[in-house]
Amino acid sequence: MMMSRIGLFELLPNEILLHLLTLLPIADVVSLKHATHHLIPILVERIDPSRYLQITGPFNNSAELLEVMARHGAVLSGSRALEYFVPGSSTHESDWDFYVPPVSSSITAVKNALERSGVIFESSLALAARKLKEKSAVILNQNQIISIAYDAFIDPRPWSMEQQRVVNGVSYMYPALKDLTRHIRKDGSVRWMEDLVPILIRGSGRVGHLDLHEARVRGYPEHIAAKVLSGSAHRNGRTVSVQLIVGAIDARMTSITDGLSQTVLSSIFSFYGSHVQCILSKHVALHLYYRHAVGKSAFRWQVPETIRKRAEQAVEKYVSRGFRFITASNNDAWTFRSTYDNESYLVELDASQHYLPSIAQIKELRWRHKGKVIQLPLQPKTIDSRYELLRFGLISR
């Protein structure tokens with residue numbers, strides 16, 4: 001076999017070369033692409049997010065899905081995004097977690113794109129019935145109660161035994177919700193119902209209220225994710241979980257705020273560990289702690305009590321995959337970070353100005369950590385803007 005001007009790579013069949021490339025961390029592939037002066041086209045396929053979703057995911061139309069995501073500020077994150085950066089980090093059972101900003105048009109657009117790619121989402125009623133069947137009990141929060149009451153009200157169809165028990169439980173605890181016409185406005189919004197308390201329905205049909213403390217402990221913190229749309233898709237005879245997670249905007253934000261606080265990046269900073277703090281979209285791939293992740297290590301971050309058990313289970317899962325968890329330095333000084341330091345890794349995939357979060361926003365991203373705390377503080381430009389606009393009566397509190 002003769003050497004070519006870019007070595008033996010050029011002489012390998014594309015199938016074998018692509019397989020080898022899927023085993024390499026993304027930074028190595030990008031470096032190889034630059035070192036060979038872009039003369040090996042197959043390297044582009046390993047870097048291409050569409051190809052990654054098409055090969056490893058259950059999605060029928062990954063190109064269209066990524067286009068919709070980029071236009072609406074949605075990203076893939078968690079273990080499946082980590083797999084793009086560090087192959088071998090996920091398993092066939094790993095969830096596909098998509099994050100979308102809390103904008104109704106964006107949520108609908110990304111949800112529809114996922115459905116066109118083969119994802120089937122469960123309604124609140126279907127999800128509650130499945131949990132009741134699998135675990136013999138289900139907890140419904142305020143939003144789920146309203147959703148199930150609405151589903152039963154607009155479509156009183158024949159239900160499965162579990163669905164009927166869920167509907168009966170909601171109707172028994174909140175008979176006023178049997179007619180939702182006085183609760184739902186013409187614009188589709190729902191009037192505030194202050195006396196709705198989460199309920200627990202058991203497989204036997206027994207139903208009761210949760211006290212407020214128990215409801216808070218069992219619930220999903222709204223400052224981390226406002227809503228999770230649960231779905232599934234099929235690939236090679238396997239069913240995989242797909243989640244569309246709607247990030248929450250901090251209601252306390254006033255006047256001049258960071259543009260980043262209105263993007264999915266704010267949700268990424270609420271994760272329990274640094275290894276999964278990464279995003280993938282059509283136009284950008286970013287890992288905040290790439291150097292640690294590629295070495296199979298991660299910082300543990302402090303999380304609310306409500307998800308502490310879930311975080312511990314996730315840690316055990318990654319330990320079984322060869323990861324080790326450490327605590328960041330906890331001295332008096334913060335460690336300041338950016339997307340361009342030696343710890344993170346950024347791949348610019350498409351420079352289109354229409355995509356969100358924008359490349360400019362991501363390049364300007366700054367954050368800090370100390371011990372088990374990671375923070376996304378106000379960005380320097382935002383602070384400068386606040387001082388400038390104070391003179392004109394625009395006061396941030």
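The present account deals with the structure reproduced in this document. A quick note: this is a predicted structure, and the numbers were derived from the prediction, not measured.

**What about the sheet that holds strand E13 (residues 335-338)?**
Spatially, E13-E15-E16 is the arrangement adopted by the three strands of the open sheet, whose pairing is antiparallel. Either end of the sheet is taken by a strand with one partner, and the two such strands are E13 and strand E16 (373-375). Each strand axis lies, on average, 25° off the axis of its neighbour in the sheet, ignoring direction. Pairing geometry for strand E15 (residues 366-370) and E16, over three bridges, is antiparallel. In the strand pairing of E16, His369 is matched with Ile374.

**Focus on a nonpolar patch on the surface**
Taken together, the side chains of Leu378, Ile383, Tyr387 and Leu390 define a hydrophobic patch exposed on the protein surface, amounting to about 390 Å² of accessible area. By the element assignment, Tyr387 lies in helix H16 (residues 380-390). On the accessibility criterion, Tyr387 (61% relative accessible area) is exposed.

**Describing the nonpolar core**
In terms of nonpolar packing, the biggest core is built from 81 residues, with Leu53, Phe59, Trp96, Phe98, Leu114 and Tyr272 touching the most fellow members. Sequence-distant contacts of Phe98, defined by excluding residues within four places in its chain, comprise Phe59, Leu65, Met69, Val75, Leu76, Leu114, Val242, Gln243, Leu244 and Ile245. Counting residues in hydrophobic clusters, the runner-up holds 22 residues, among them Ile146, Val170, Met173 and Leu180.

Basis of the calculations
Residues numbered from 1 in each chain as written. Predicted model: local features only at pLDDT ≥ 70, side-chain atom pairs only at ≥ 80, totals over all residues. Heavy atoms only, no water. Pairing = 2+ DSSP bridges. Helix = DSSP H or I, 4+ residues; strand = E, 2+ residues; numbered from the N terminus. Axes fitted to C-alpha atoms, helices over the stretch in contact; angles between N-to-C directions. Patch = residues over 30% accessible without salt bridge, like charges linked within 9 Å, V, L, I, M, F, W, Y side chains within 5 Å. Areas by Shrake-Rupley, 256 points an atom, 1.4 Å probe, with all protein chains shown as cover. Salt bridge = Lys/Arg side-chain N within 4 Å of Asp/Glu carboxyl O. Buried < 20%, exposed > 50% of the residue type's maximum accessible area, 1.4 Å probe, protein only. Core = buried A, V, L, I, M, F, W, Y, C linked by side-chain atoms within 4.5 Å. Contact = heavy atoms within 4.5 Å.

Function-wise, these values are silent; they only describe arrangement.
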